[in-house]
Amino acid sequence: MSSESGRRRSGGQGRISQWLRGRRPPTDAEDGANREELLLAAAGAGLPLAPAAHPSAYRCSCDRVGCPTPARHPVSFAWQTQSTTDRAQIERWARHQPLANFITATGMVHDVLDVPLDAGREALERLLALGVEVGPVARSGGDRMLFFTATRGTPEDEDEWWPCELDCHPETMDEHPGLRWHCRGSYVLVPPAQLPGDLTVEWVRGPEHALPDPLSLLEVLTDECARYAGEEREHVAAWPLRG
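Quick caveat: nothing in here was measured; it's all calculated off a predicted structure.

What counts, and at which threshold
Residues numbered from 1 in each chain as written. Predicted model: local features only at pLDDT ≥ 70, side-chain atom pairs only at ≥ 80, totals over all residues. Heavy atoms only, no water. Helix = DSSP H or I, 4+ residues; strand = E, 2+ residues; numbered from the N terminus. Buried < 20%, exposed > 50% of the residue type's maximum accessible area, 1.4 Å probe, protein only. Contact = heavy atoms within 4.5 Å. Areas by Shrake-Rupley, 256 points an atom, 1.4 Å probe, with all protein chains shown as cover. Phe/Tyr/Trp six-rings, centres within 6.5 Å; stacked < 30°, edge-to-face > 60°. Pairing = 2+ DSSP bridges. Axes fitted to C-alpha atoms, helices over the stretch in contact; angles between N-to-C directions. Expected span 1.5 Å × (residues − 1). Core = buried A, V, L, I, M, F, W, Y, C linked by side-chain atoms within 4.5 Å.

### Things to note about the overall build of the chain
Item 1. Within the chain one finds eight helices and eleven strands.
Item 2. Relative to its full complement of 243 residues, the chain shows a buried share of 46%.
Item 3. Of the contacts made within the chain by residues no fewer than 6 positions apart, 77% connect residues no fewer than 24 positions apart.
Item 4. When the accessible surface of the chain is summed, it comes to about 13100 Å², and 51% of that surface belongs to carbon and sulfur atoms.

Written out as structure tokens, the structure is:
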């Protein structure tokens with residue numbers, strides 16, 4: 001890693017990074033009191049919600065052997081039609097399923113730009129410094145950051161549609177490394193959520209912030225994803241070979 005890149009990484013540990021590192025974990029009482037309020041705030045901002053699985057010991061509450069996404073998936077196959085912003089329904093779900101996480105269905109009102117945590121942290125610092133209107137942002141587990149934006153809807157030219165598997169297509173890997181664009185047919189966990197291993201999903205910037213146009217964030221996010229991917233490759237290449 002170059003000295004310039006190292007200084008950038010070190011210098012990027014600003015107010016957002018300090019908040020992420022130093023925030024006190026909530027107590028059980030605080031978590032219970034705030035959970036319903038936070039869910040209703042998300043719904044009030046227009047994010048459609050549906051119940052999701054939750055951690056059970058070190059496994060997923062769905063009890064599926066080898067669940068590939070423990071505590072990160074909806075409990076119903078009908079989650080797209082089930083998702084709602086109705087306050088009364090969300091209150092019933094939250095009270096009857098006190099351990100459940102919740103997902104928010106994307107592509108209806110909002111999309112989510114999902115990036116590696118380090119890249120997202122740097123991008124958020126840059127965007128705020130540039131005066132760009134940044135919407136809600138969440139940290140998901142210990143490795144991803146979620147930028148909530150307005151949805152693009154359905155473009156007239158389907159070739160312009162970027163699916164949530166954006167970083168999985170070889171032709172876009174170099175251009176957009178590490179970025180996932182959650183749009184129609186996808187979902188993400190909405191804070192507050194619990195994950196196996198005492199990990200959480202929590203707001204860095206809450207849903208009271210207006211949803212921005214995703215294209216206003218894209219250049220900085222892809223730039224930081226590319227920088228992050230390059231530094232990861234340099235780090236791996238620097239590992240000593242063991243005989």
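### Thoughts on the packing of aromatic side chains
Item 1. Across all of its chains, the model carries three aromatic pairs by this definition.
Item 2. Seen in terms of ring centroids, W79 and Y187 are 4.9 Å apart; in terms of plane orientation they differ by 75 degrees. Their pairing is edge-to-face. Here Y187 lies in strand 9 (residues 187–190) and W79 lies in helix 4 (residues 79–82), a separation of 108 residues in the sequence.
Item 3. Classification of W79 as buried rests on a relative accessible area of 11%.
Item 4. Between W93 and F102 the ring centres are 6.3 Å apart and the planes differ by 45 degrees, which places this aromatic pair in the tilted class.

### Points about unusual backbone geometry
Item 1. Here the residue pair P191 and P192 is connected by a cis peptide bond, since its omega of -5 degrees sits within 30 degrees of zero.
Item 2. Looking at the element boundaries, P192 is found in the loop between strand 9 and strand 10 (193–195).
Item 3. Of note in this structure, D63 is not a glycine but carries a positive phi near 65 degrees.
Item 4. Considering the arrangement of structural elements, one finds D63 in the loop between strand 3 (59–60) and helix 4.

### With respect to the sheet that holds strand 11 (residues 199–205)
Item 1. The sheet built from six strands is open, its strands ordered 8-5-7-6-11-10 with antiparallel pairing. Strands with a single pairing partner mark the edges of an open sheet, and in this sheet they are strand 8 (180–182) and strand 10. Averaged over all neighbouring strand pairs, the angle between strand axes comes to 25 degrees, with direction disregarded.
Item 2. When strand 5 (residues 110–116) meets strand 8, the two strands line up antiparallel, connected through three bridges. Each residue of the ladder has a partner; that of D114, found in strand 8, is R180.
Item 3. The strands touched by helix 6 (residues 117–130) are strand 5, strand 6 (137–140), strand 7 (144–150) and strand 11; relative to strand 7, the strand with the most contacts, the crossing angle is about 45 degrees.

### Observations regarding the environment of V112
Item 1. Within the secondary structure, V112 is located in strand 5.
Item 2. Along the backbone, V112 and L146 are 34 residues apart, and their C-alpha atoms lie at a distance of 6.2 Å.
Item 3. Other than its neighbours up to four places away in sequence, V112 contacts T106, L146, F147, F148, R180, W181, H182 and V188.

### Here's the deal with the pairing of strand 6
Item 1. What you see with strand 6 is no split at all: V137 and R139 on one side and A138 and S140 on the other are buried throughout.
Item 2. Direction of pairing for strand 6 relative to strand 7: antiparallel, over a ladder of four bridges. Opposite R139, over in strand 7, you have M145 as the bridge partner.
Item 3. Remark: three residues form the turn of the hairpin made by strand 6 and strand 7, two consecutive strands paired antiparallel; G141 in that turn has positive phi of roughly 65 degrees.

### So, helix 6
Item 1. Across its 14 residues, helix 6 extends 20 Å between first and last C-alpha, which sits within 8% of the 20 Å expected from 1.5 Å per residue.
Item 2. Within the span of helix 6, buried status applies to L117, A119, G120, R121, E122, A123, L124, E125 and L127.
Item 3. Of the residues trailing helix 6, G131 is marked for its positive phi of about 80 degrees.

### So, the nonpolar core
Item 1. In this structure, L113, V115, V134, V137, F147, L217 and L221 are the most contacted members of the largest nonpolar core, which totals 20 residues.
Item 2. Sorting the residues of this core by element identifies strand 5, helix 6, strand 7 and helix 8 (215–237) as the ones contributing at least two each.
Item 3. Contact partners of V134, with chain neighbours within four places excluded, come to L124, L127, L128, F147, R205, H209, P212 and L217.
Item 4. Ranked by size, the runner-up nonpolar core spans 18 residues in total, among them A42, W93, A100 and F148.

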